[in-house]
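Read off the chains here:
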Amino acid sequence: MNQQNQSPSRNPIKMNMHTPSLLDRVVEEFKIQFNRTPLVLAQAPGRINLIGEHTDYNEGLVLPGAIDRNTIFALGFSPDAQICEVHALDMGEMIRFDIGDLNKMQTEGWGLYILGVVAALQQADYEVRGFQAVFASSVPLGSGVSSSAALECSLLMACRELFDLDIEPFEIAKLGQWAEHHYPGVLCGLMDQFSSVMGRKDQLVCLDCRDLSYQYIDFPLPDYRFVLLNSNVKHSLSSSEYNVRKRECQEAVQLISQAEGENFPSLREITMAQLEKHQRILSRKQYLRAHHVITENARVMQMMQELVRGNEEMIGSLMFASHYSLRDAYEVSCPELDFLVMQAENHPGVLGSRMMGGGFGGCTINLVEVDRIADFISQTTEAYLESYGIQLTPITVKLADGAGIISFP
Ligand code: GLA
């Protein structure tokens, strides 16, 4: 895959989204909290993923894109070089910590990501002093569109600018991932942070998580939109089971490596024929997890071809196939998500649908014909309410540019 290294520029970007009011609110709140104007404004978006789920930490392929929902940070130096104060506008909460004490026991929730980012910068030897910050977000929380990566990457962008740190965009993504591993403790792959930083308007980006090469691709279906349906459920299993899945995949690699007398670094190196050959020595779960990852990588490769061809039918079928594999083999779906995908399958305006992100709740991604979006949403909302007593949150998103510095309004 060709490496197209186009760094998001450090020049201010103009926001082209529905964010001016969010931006104004953040700037205004900064003045209220800290009695002066911020020095830096930065943003980083959430992401969608067309296909390639639970493949990133298996050195596999993913096909995400950044979206027009983002987290905005306003940042300034703190009067006390040791102290950071961060105000979460949406929550009306403030944390205060000493830059020399980043013990994660002192906070929880969103605060962990903030501490994680500062710790990530410090462990990479970047010099950070006390700062004051206000942030707010239009990325829906806990819905599988990676609000956490948006938070991490937005703060990283802002710190890079404020402290004039020489950090490559790709490294921002890796620092965000480091923060996530070491603070909230989710052993995620690189997909979310990568898309939040490297995303481009109107394009998806295929990342090869083995060699970190990537390739942008235009989204070829002008008559379709990405409609996310937030199930508004988040099963408590999500983060613990995520790490369990990762371990099961590693176990499968080890067992197959031993049997083959080779040292395979990841499932990416293992073929379906090898998996079938060694099915007996794997537990049923290990076999199913590996089966999902191997077939999902193949689906991403095929999806790239179908996007180039603009083959609507195959694009949709691959999405459904991904969902069934996530449901039956990787076992990260839940009844609510399965119900939403089934509704989509029965609607004539929907090309494809599947659960998106880590799973056990969150949202489905649906490719829906523009003229039928309203009908699809109203039918599904009604059916979901009737079956689960839960109000659905639909979100229609566009592919947008990745993280950047915002010019002052
Ligand atoms: C979460 C993780 C990602 C990825 C997805 C599943 O969003 O943060 O790294 O593993 O789950 O594809």
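Calculation notes
- Residues numbered from 1 in each chain as written.
- Predicted model: local features only at pLDDT ≥ 70, side-chain atom pairs only at ≥ 80, totals over all residues.
- Heavy atoms only, no water.
- Helix = DSSP H or I, 4+ residues; strand = E, 2+ residues; numbered from the N terminus.
- Buried < 20%, exposed > 50% of the residue type's maximum accessible area, 1.4 Å probe, protein only.
- Contact = heavy atoms within 4.5 Å.
- Near = heavy atom within 4 Å.
- Polar contact = N/O pair within 3.5 Å; in protein donor to acceptor, adjacent residues only side chain to side chain.
- Areas by Shrake-Rupley, 256 points an atom, 1.4 Å probe, with all protein chains shown as cover.
- Nonpolar A, V, L, I, M, F, W, Y, C, P; charged D, E, K, R; others polar.
- Axes fitted to C-alpha atoms, helices over the stretch in contact; angles between N-to-C directions.
- Left-handed = near helix turned anticlockwise from the far one by under 90°.
- pLDDT = per-residue confidence, 0-100.
- Salt bridge = Lys/Arg side-chain N within 4 Å of Asp/Glu carboxyl O.
- Core = buried A, V, L, I, M, F, W, Y, C linked by side-chain atoms within 4.5 Å.
- Phe/Tyr/Trp six-rings, centres within 6.5 Å; stacked < 30°, edge-to-face > 60°.
- Lys NZ or Arg CZ within 6 Å of the ring centre and 35° of its normal.
- Patch = residues over 30% accessible without salt bridge, like charges linked within 9 Å, V, L, I, M, F, W, Y side chains within 5 Å.
- Lys, Arg positive; Asp, Glu negative; His and termini not counted.
- Charge placed at Lys NZ, Arg CZ, Asp CG, Glu CD.

### Things to note about the environment of alanine 173
Mapped onto the elements of the fold, alanine 173 is located in helix α4 (residues 169-182). Accessibility expressed as a relative area gives 0% for alanine 173, which makes it buried. Along the primary structure alanine 173 and valine 293 are separated by 120 residues, whereas in three dimensions their C-alpha atoms are 23 Å apart. With residues up to four places along the chain from it excluded, the contact list for alanine 173 reads Leu190, Gln193, Phe194 and Val197.

### Here's the deal with unusual backbone geometry
Trans peptide bonds make up the majority, and among non-glycine residues the majority have a negative phi. Positive phi, normally seen in glycine, also occurs at aspartate 164, with a value near 50 degrees. For aspartate 164, the position within the fold is in the loop between α3 (147-162) and α4.

### Some remarks on the site of the ligand
In the region of the ligand, the neighbouring residues are Arg47, Glu53, His54, Asp56, Tyr57, Cys188, Gly189, Met191, Asp192, Tyr242, Gly357 and Gly358. Measuring from an oxygen atom of the ligand, one finds a backbone N or O atom of glycine 189 at 3.0 Å. Residue glycine 358 places a main-chain N or O atom 3.4 Å away from an oxygen atom belonging to the ligand. A total of 310 Å² of accessible area belongs to the ligand in isolation, and the protein chains cover 93% of it. Of the residues that constitute the shell around the ligand, the class distribution is 4 nonpolar, 4 polar and 4 charged.

### As for the packing of α4 against helix α5 (residues 191-198)
It is at 8 Å that the axes of α4 and α5 come closest, and there the two elements cross at 145 degrees. Here α4 and α5 pass one another in a crossing that is right-handed. Packed against α4, whose contacting residues are Pro169, Phe170, Ile172, Ala173, Gly176, Gln177 and Glu180, the element α5 presents Gln193, Phe194, Val197 and Met198 at the interface. Taken together, the residues of the contact of α4 with α5 sort by class into 7 nonpolar, 3 polar and 1 charged.

### Details of the confidence of the model for the protein
Overall, the predicted model of the protein reaches an average pLDDT of 94, with 95% of residues at or above 70. For the stretch residues 1-9, pLDDT sits under 50, and the model shows 24 contacts to residues farther than four places along the chain or on other chains. In the model, residues 13-19 has pLDDT below 50 throughout and makes 19 contacts with residues more than four positions away in sequence or in other chains.

### A word on the pattern of salt bridges
This structure, assessed with the given rule, holds 19 salt bridges. The residue arginine 47 makes a salt bridge to aspartate 192 at a minimum N-O spacing of 2.7 Å. Of this pair, arginine 47 sits in strand β1 (residues 40-49) while aspartate 192 sits in helix α5, and the two are 145 residues apart along the sequence. A single burial state applies to arginine 47 and to aspartate 192, both of which are buried. Notably, a salt bridge pairs glutamate 248 with arginine 245, separated by 3.9 Å at the nearest N-O pair. Of the two residues, glutamate 248 and arginine 245 are both situated in helix α6 (residues 237-260); the distance of 3 residues between them amounts to about one turn of the helix. Taking relative accessible area as the criterion, glutamate 248 reaches 6% and is therefore assigned buried. Here the salt bridges share partners, and the residues they tie into one network are Glu241, Arg245, Glu248, Arg289 and Glu331.

### Some words on the nonpolar core
Phe73, Leu75, Val86, Phe97, Ile114, Leu121 and Phe131 are the most contacted members of the largest nonpolar core, which has 57 residues in total. No other element matches helix α2 (residues 110-123), which puts 10 residues into this core. What leucine 75 contacts, discounting residues up to four positions off in sequence, is Phe30, Pro38, Leu39, Val40, Phe131, Gln132, Ala133, Leu155, Ala158, Cys159 and Leu162. Residues Cys249, Leu282, Ala329 and Ala383 belong to the second largest nonpolar core, which totals 41 residues.

### Examining α5
A turn of α-helix holds 3.6 residues, and therefore any two residues three or four places apart point the same way. Counting buried residues in α5 gives 8 out of 8 residues, a clear majority hidden from the surface. Of the residues making up α5, those classed as buried are Met191, Asp192, Gln193, Phe194, Ser195, Ser196, Val197 and Met198.

### Let's talk about the packing of aromatic side chains
Per the counting criterion, the structure on display carries 15 aromatic pairs. The rings of Phe170, Phe194, Tyr214 and Tyr216 are connected pair by pair, giving a single aromatic cluster. A cation sits over an aromatic face here: lysine 104 above tyrosine 183, 5.8 Å from the ring centre. Over the face of the ring belonging to tyrosine 216 we find arginine 200, whose NZ or CZ atom lies 3.7 Å from the ring centre.

### Concerning a negative patch on the surface
Taken together, the side chains of Asp223, Glu312, Glu313 and Asp371 make up a negatively charged region of the molecular surface. One can find glutamate 312 in helix α9 (residues 312-328).

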